[in-house]
Amino acid sequence: MGKFLLRRMLWLIPVILVVSTITFVLMHAAPGGPWDRDLSARQVDPATQKMLNTYYGLDKPLWRQFTAYLVGDVDSEGKFDCGLICGDLGPSYRQRGLTIQQILFMPPEEKSVIYSRFGYSMRLGIYSLLFAIIIGIPAGVISALKQNTMVDYVSLFIVTIGISVPNFVMAIFLIIIFASTLHMVSIVPRSWDEISVWVLPAVILGFGTMARTARLTRASMLETMRQDYIRTARSKGLSERVVIIRHMIKNSLIPVVTILGPALAGLVTGSFIIETMFGFPGMGRAYVTAIGQRDYSMIMGTTLIYAVLVALANVSVDVVYVFLDPRIRLD
Amino acid sequence: MTIQVSHPSTGQTQAHIADLTNMSVKPRSLWMDAWSRLIKNRASVVGMVVIVAFTLLALFASVLAPHNPLQINDGKGFLPPTWIEVGSNGKASDPAFFFGTDTLGRDVLSRTLYGARVSMTVGFLPTFIVIIIGTIVGLFAGYRGGRIDNLLMRLTDVFYAFPDLLFFIIVMVTLRQTYIGQLLNGLFLLFSALAVVGWVSFARIVRGQTLSLKEKEFIEAARCMGATDTRIMYRHILPNALSPVIILTAISIPGYIITEAILGYLGLGLIPSTNPNDFFITSWGASMLEGQTAINAQPWLLLAPAIAVSLVVLAFTFLGDGLRDALDPRLQGTQ
């Protein structure tokens, strides 16, 4: 087990390497430097640009900039600045004086880390996932037990919509219904401390995952229901309740549990449009803002964090699967 | 009766047995079988109708649109749709503008019709390229094995690690100002980015099919008869590996349409045009981006493209589900 985990974790290294190489190459293939992006705004004068380039090390050859980003570099005073391998994502080009990890992980003064941008996004992701599980699994179970009835058809219809309609389009519909027409919620709340303002974004974000969970639960239930051990359980006189809960649901949840890791990663990485729509103080909105401002180091840093999250989620699936299903062997 | 060399694993062997025992059932091919199953599925027929309708709307947008999508009507900005007499901003509706107008007084219906062009093109064109590349690479990797196969598998591992949408965003952000980024109002770059990522999943699925098919007896038989590798690959393996490719296609198309809409909504998709000679004027994603500031004044700016995207995507999902059931009946009802 330990060896397996270690090997899967080591796989993260090439992933980070490839993602950062692609991102780095693309950013340097873009015309111009980071200071003359916005053509409509006032241009930074050449002398300042030169100074900024020297300050951020952008006057060095490309390969050296790349190694400086990944490993680190010696500055003019001979001091070694550690790069990505020490967890340093570099300075932001637009929010001067702040590094990327400060922007993403530093909470406002005297608050805990869950109030950082990353913390906000993780919380939103977890709430959405909870919604997806609490609604999705029972919906899947019920629609499998009542296969080919009205309940099943209604649930399948909602599930199909949830799977195919992208969450930001769903957000548009729900915002227009609940915020503009019924005035039940405000789109941009003043504070995110009240739990009620989290409901709409969490539901919208989790809707697709809910649908996918329900569909998978239903499929898995239908398969389990036809197994021999269910017939055995029934024939030895167990009550239907016990058969359903102990034998069917327990066994059919194995594949469902395994999608939850990637689902959480998907929720965190897929939230940038929802976060932007609701003015949410999370990582996703910071990412969209960085895109708008062409803050390259910020885009690169956030992309890396997202990629690591996705990779970690995939590793977690393998691990969870092995714990849950002893038939599966590690190799 | 004449003896034909029938293709094993297609429905024809069955049909022959039926023929030999003098039953008056006409032999039907696998594809005819699948087609008859598909058109019995009501949801996928509706899906096909919607897809054909939107394709026609996209092709004939210039004829069907009631107004020029670029025509600015002074003083007619933010008109509500026709069925609302007076909108929330106090403006009266105009029967000439069915879904009302946007901030510059441009007709929302016409702009939505033109938006179909981008979405349908994004749905079909990159998919076509991706299928061809993916299928050829997958066939070679699966059939020849060895170094090509190894390289392909390592490549797919890497592609799977990079979240697709993030890759598209980075490509569109960085290369948008270049010459390539401006081609076809930014769509060329988008198609290329989609193709760079998309062929991998097709290659993977064709490779998997090829690996299991090449061990089958009918391939051995073909080889014994002296068929060349190319012939075996394209005449014997490919037709038998097509079902999952078709299913994957139906799943990929809505994915591409959604990706374009998301990128458009982030301001990274199609660059909205002001030149009436352009084929692509605006996209649904770009329309939604323009509409989001007017969510209270004229919600139909957002609703019209949002409904259009939902309809098209749902139609493809229904068709995809129907295709899966039709081509792989063993899976029916389980997913």
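Scoring rules and cut-offs
- Residues numbered from 1 in each chain as written.
- Chains lettered and ligands numbered in written order.
- Predicted model: local features only at pLDDT ≥ 70, side-chain atom pairs only at ≥ 80, totals over all residues.
- Heavy atoms only, no water.
- Helix = DSSP H or I, 4+ residues; strand = E, 2+ residues; numbered from the N terminus.
- Buried < 20%, exposed > 50% of the residue type's maximum accessible area, 1.4 Å probe, protein only.
- Contact = heavy atoms within 4.5 Å.
- Areas by Shrake-Rupley, 256 points an atom, 1.4 Å probe, with all protein chains shown as cover.
- Phe/Tyr/Trp six-rings, centres within 6.5 Å; stacked < 30°, edge-to-face > 60°.
- Lys NZ or Arg CZ within 6 Å of the ring centre and 35° of its normal.
- Axes fitted to C-alpha atoms, helices over the stretch in contact; angles between N-to-C directions.
- Left-handed = near helix turned anticlockwise from the far one by under 90°.
- Nonpolar A, V, L, I, M, F, W, Y, C, P; charged D, E, K, R; others polar.
- Buried area = accessible area lost by both parts, 1.4 Å probe.
- Salt bridge = Lys/Arg side-chain N within 4 Å of Asp/Glu carboxyl O.
- Core = buried A, V, L, I, M, F, W, Y, C linked by side-chain atoms within 4.5 Å.
- Bend = angle between axes of the 7 residues up to and from the residue.
- Patch = residues over 30% accessible without salt bridge, like charges linked within 9 Å, V, L, I, M, F, W, Y side chains within 5 Å.
- pLDDT = per-residue confidence, 0-100.
- Expected span 1.5 Å × (residues − 1).
- Arc of directions from axis to C-beta.
- Polar contact = N/O pair within 3.5 Å; in protein donor to acceptor, adjacent residues only side chain to side chain.

A.B. asks: Got a sec to walk through the overall build of chain A? Specific residues and values, please.
C.D. replies: Along its length, chain A carries 14 helices and 2 strands. By residue count, 45% of the 331 residues in chain A fall in the buried class. Considering only residue pairs separated by 6 or more positions, chain A has 66% of its internal contacts joining residues 24 or more positions apart. Carbon and sulfur atoms make up 64% of the accessible area of chain A, which amounts to about 17100 Å² in all.

A.B. asks: Give a description of the overall build of chain B that names residues and reports values.
C.D. replies: Helix and strand content of chain B: 13 helices and 0 strands. Traced from its N-terminal end to its C-terminal end, chain B shows the element sequence α-α-α-α-α-α-α-α-α-α-α-α-α. Classification of the 335 residues of chain B by burial places 52% in the buried group. Carbon and sulfur atoms provide 64% of the accessible area of chain B, an area that totals close to 15700 Å².

A.B. asks: I'd like to hear about the packing of aromatic side chains, residue by residue, with values.
C.D. replies: Each aromatic ring pair is described using two quantities: the centre-to-centre distance and the angle formed by the ring planes. Residue and element names in this part refer to chain A. Evaluation of the coordinates by the stated rule reveals 16 aromatic pairs over all chains. For the pair tyrosine 120 and tryptophan 198, a centre-to-centre distance of 6.0 Å together with 10° between the ring planes defines the contact as stacked. Of the two residues, tyrosine 120 sits in helix 6 (residues 117–145) while tryptophan 198 sits in the loop between helix 8 (167–181) and helix 9 (199–225), which places them 78 residues apart along the sequence. A relative accessible area of 3% means that tryptophan 198 is categorised as buried. Grouping aromatic residues by their ring pairs yields a cluster made of Tyr115, Tyr120, Tyr127, Trp198 and Phe280. Here the basic side chain of arginine 123 rests over the ring of tyrosine 115, its NZ or CZ set 5.0 Å away from the ring centre.

A.B. asks: So what about the packing of helix 8 of chain A against helix 9 of chain A? Which residues, and what values?
C.D. replies: Residue and element names in this part refer to chain A. Between helix 8 and helix 9, the shortest axis-to-axis distance is 9 Å and the interhelical angle comes to 145°. In the packing of helix 8 onto helix 9, the handedness of the crossing is right-handed. Counting all contacts with helix 8, which are made through Asn167, Met170, Ala171, Leu174 and Phe178, the residues of helix 9 involved are Leu200, Ile204, Leu205 and Phe207. Across the contact of helix 8 with helix 9, the residue classes tally to 8 nonpolar, 1 polar and no charged.

A.B. asks: Let's hear about the interface of chain B and chain A: which residues, and what values?
C.D. replies: Buried accessible area, meaning the area lost when the parts come together, often serves as the stated size of an interface. Contacts between the two partners involve 42 residues from chain B, matched on the other side by 43 residues from chain A. Counting each side, the surface lost to burial between chain B and chain A is near 3600 Å², with a carbon and sulfur contribution of 80%. It is Leu166, Ile170 and Thr174 of chain B that lose the most area in chain B upon contact with chain A, and together they represent 15% of the buried surface on that side. Applying the counting criterion to the chain B and chain A interface returns 1 salt bridge. As a salt-bridge pair, aspartate 321 of chain B and arginine 215 of chain A come within 3.8 Å of each other at their nearest N and O atoms. Secondary-structure elements contributing two or more residues to the side of chain B that touches chain A are helix 6 (146–161), helix 7 (164–175), helix 11 (229–265) and helix 13 (300–327) of chain B.

A.B. asks: Account for the nonpolar core, naming residues and giving values.
C.D. replies: Ranked by size, the top nonpolar core spans 155 residues in total, and within it Phe168, Phe272, Tyr287 and Ile299 of chain A together with Ile169 and Met288 of chain B carry the most contacts. Ignoring anything within four residues of it in the chain, the contact list for phenylalanine 168 of chain A reads Ile273, Ile274 and Met277 of chain A together with Ala261, Ile262, Tyr265 and Met288 of chain B. If you look at the next biggest cluster of nonpolar residues, it comprises 11 residues, including Ile137, Leu222, Ala233 and Val256 of chain A.

A.B. asks: Just give me the short version of unusual backbone geometry, but keep the residues and values in it.
C.D. replies: Residues and elements named next belong to chain B. Even without a glycine there, the phi angle at leucine 184 is positive, about 50°. Note that leucine 184 resides in the loop between helix 8 (179–182) and helix 9 (187–213). The class for leucine 184 is partly exposed, based on a relative accessible area of 46%. You will see that asparagine 185, though not glycine, has its phi angle at about 55°, which is positive. Classification of asparagine 185 as buried rests on a relative accessible area of 16%.

A.B. asks: Kindly report on the pattern of salt bridges, identifying the contributing residues and their values.
C.D. replies: Under the defined criterion, the tally for this structure stands at 9 salt bridges over all chains. Between arginine 234 of chain A and glutamate 240 of chain A there is a salt bridge, with its nearest N and O atoms 2.8 Å apart. A relative accessible area of 39% means that glutamate 240 of chain A is categorised as partly exposed. A salt bridge links arginine 106 of chain B to glutamate 290 of chain B; its shortest N-O distance comes to 3.9 Å. Taken together, the residues arginine 106 of chain B in the loop between helix 4 (61–64) and helix 5 (108–144) and glutamate 290 of chain B in helix 12 (residues 284–291) connect sequence positions 184 residues apart. Given the relative accessible area of 10%, arginine 106 of chain B is considered buried. Exposure remark for glutamate 290 of chain B: the relative accessible area of 28% places this residue in the partly exposed category. One continuous salt-bridge network, built from bridges that share partners, spans Arg215 of chain A together with Asp321 and Arg324 of chain B.

A.B. asks: Which residues make up helix 9 of chain A, and what are the values?
C.D. replies: It helps to recall that an α-helix has 3.6 residues per turn; residues three or four apart then point in one direction. The largest bend along helix 9 of chain A reaches roughly 45° and is located at phenylalanine 207 of chain A. For helix 9 of chain A, the buried fraction is high: 20 of the 27 residues fall into the buried class.

A.B. asks: Could you give me a rundown of a nonpolar patch on the surface, with the residues and numbers involved?
C.D. replies: Residues and elements named next belong to chain B. Residues Leu125, Phe128, Ile129, Ile132, Ile133, Ile136 and Tyr234 make up a contiguous nonpolar surface patch of roughly 590 Å² in combined accessible area. Looking at which element gives the most residues to the nonpolar patch, the answer is helix 5, with 6 residues. Take leucine 125: it is sitting in helix 5. On the accessibility criterion, leucine 125 (40% relative accessible area) is partly exposed.

A.B. asks: Hey, could you go over the confidence of the model for chain B for me, with residue numbers and the actual values?
C.D. replies: All names here are of chain B. On average, chain B scores 82 in pLDDT, and the residues at 70 or more come to 90%. Looking at the elements of chain B, mean pLDDT is at its lowest for helix 1 (residues 12–20), recorded as 54, and at its highest for helix 3 (residues 42–59), recorded as 92. Below a pLDDT of 50 lies the segment residues 1–9, which in the model reaches 16 contacts outside its immediate sequence neighbourhood of four places, other chains included. In the predicted complex, the global pTM is 0.83; the interface-specific ipTM is 0.81.

A.B. asks: Got a sec to walk through helix 3 of chain B? Specific residues and values, please.
C.D. replies: All names here are of chain B. Spanning 18 residues, helix 3 covers 26 Å between terminal C-alpha atoms, matching the ideal 26 Å at 1.5 Å per step. Among all positions of helix 3, only Ser44, Gly47, Ile51, Phe54 and Ala58 are buried. All buried residues of helix 3 fall inside an arc of 85° around its axis, so they share one side. In helix 3, the exposed positions angled more than 90 degrees off the buried face are occupied by Arg42 and Val49. The inward-facing, buried residues of helix 3 abut helix 2 (30–40), helix 4, helix 5, helix 12 and helix 13.

A.B. asks: Could you give an account of the side chain of threonine 178 of chain B, with specific residues and numbers?
C.D. replies: For threonine 178 of chain B, the location among the structural elements is in the loop between helix 7 and helix 8. Polar side-chain contacts of threonine 178 of chain B include one of 2.5 Å to the backbone oxygen of leucine 175 of chain B.

A.B. asks: With reference to specific residues and values, describe the environment of isoleucine 134 of chain A.
C.D. replies: Secondary-structure assignment places isoleucine 134 of chain A in helix 6. Note on isoleucine 134 of chain A: relative accessible area 56%, which makes it exposed.

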